[in-house]
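The chain contents come next:
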Amino acid sequence: MSWCERHRLSLTTDTTSGVTAYTTGAGITGRIQTLIYTAGSAAFTTTCDLTVSSVNTSQVIYSTTGLDASEVISPRLPTHNTTGGVIGSTTTAGSGTFIYLHNDQVKVTVVNAGAAKNGTVDVIVS
């Protein structure tokens with residue numbers, strides 16, 4: 001039987017148009033299934049950049065520029081051939097490999113979003 005955990009991060013930008021938030025509680029162990037960004041009542045501006053990463057390793061799980069609407073992301077690591085060439089995409093569920101965390105936290109950083117803007121990021125782990 002499989003299980004999933006949802007880790008919700010509520011984000012509200014400060015006067016510098018940015019915000020950084022971390023998952024709380026026990027460290028996350030498992031694979032990142034999905035990231036769900038939901039625009040808030042005062043959505044981030046179209047110049048916003050969002051980065052989701054692992055705290056312990058600083059591995060980027062997902063990064064995008066110009067985030068201006070709610071979206072669902074299935075982040076993946078690209079796979080490589082025997083010469084190190086990339087096969088697949090980091091943002092498509094149909095290619096690449098899952099990103100695994102072990103007793104780690106997830107960090108979400110938003111910049112250039114405008115002051116007093118808000119939204120949420122749900123991290124779904126299985």
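Predicted, not measured: the structure shown is a model, and the values here were computed from it.

Draft legend 1. Expanded view of the packing of aromatic side chains. Following the criterion strictly, the structure yields one aromatic pair and no others. Summarising the aromatic geometry, the rings of Y37 and F44 are spaced 5.6 Å apart at their centres and angled 15 degrees between planes, so their arrangement reads as stacked. For Y37, a relative accessible area of 3% corresponds to the buried category. Overall, F44 belongs to the buried group, its relative accessible area being 4%. Sitting above the plane of the F98 ring, R31 keeps its charged end 4.1 Å from the centroid.

Draft legend 2. Focus on the sheet that holds strand β4 (residues 49–54). Spatially, β2-β10-β4-β5 is the arrangement adopted by the four strands of the open sheet, whose pairing is antiparallel. Strands with a single pairing partner mark the edges of an open sheet, and in this sheet they are β2 (19–22) and β5 (60–65). The average undirected angle you get between the axes of adjacent strands in this sheet is 10 degrees. Sheet topology places β2 next to strand β10 (residues 106–111); four bridges connect them, and they run antiparallel.

Definitions and cut-offs
- Residues numbered from 1 in each chain as written.
- Predicted model: local features only at pLDDT ≥ 70, side-chain atom pairs only at ≥ 80, totals over all residues.
- Heavy atoms only, no water.
- Phe/Tyr/Trp six-rings, centres within 6.5 Å; stacked < 30°, edge-to-face > 60°.
- Buried < 20%, exposed > 50% of the residue type's maximum accessible area, 1.4 Å probe, protein only.
- Lys NZ or Arg CZ within 6 Å of the ring centre and 35° of its normal.
- Pairing = 2+ DSSP bridges.
- Helix = DSSP H or I, 4+ residues; strand = E, 2+ residues; numbered from the N terminus.
- Axes fitted to C-alpha atoms, helices over the stretch in contact; angles between N-to-C directions.

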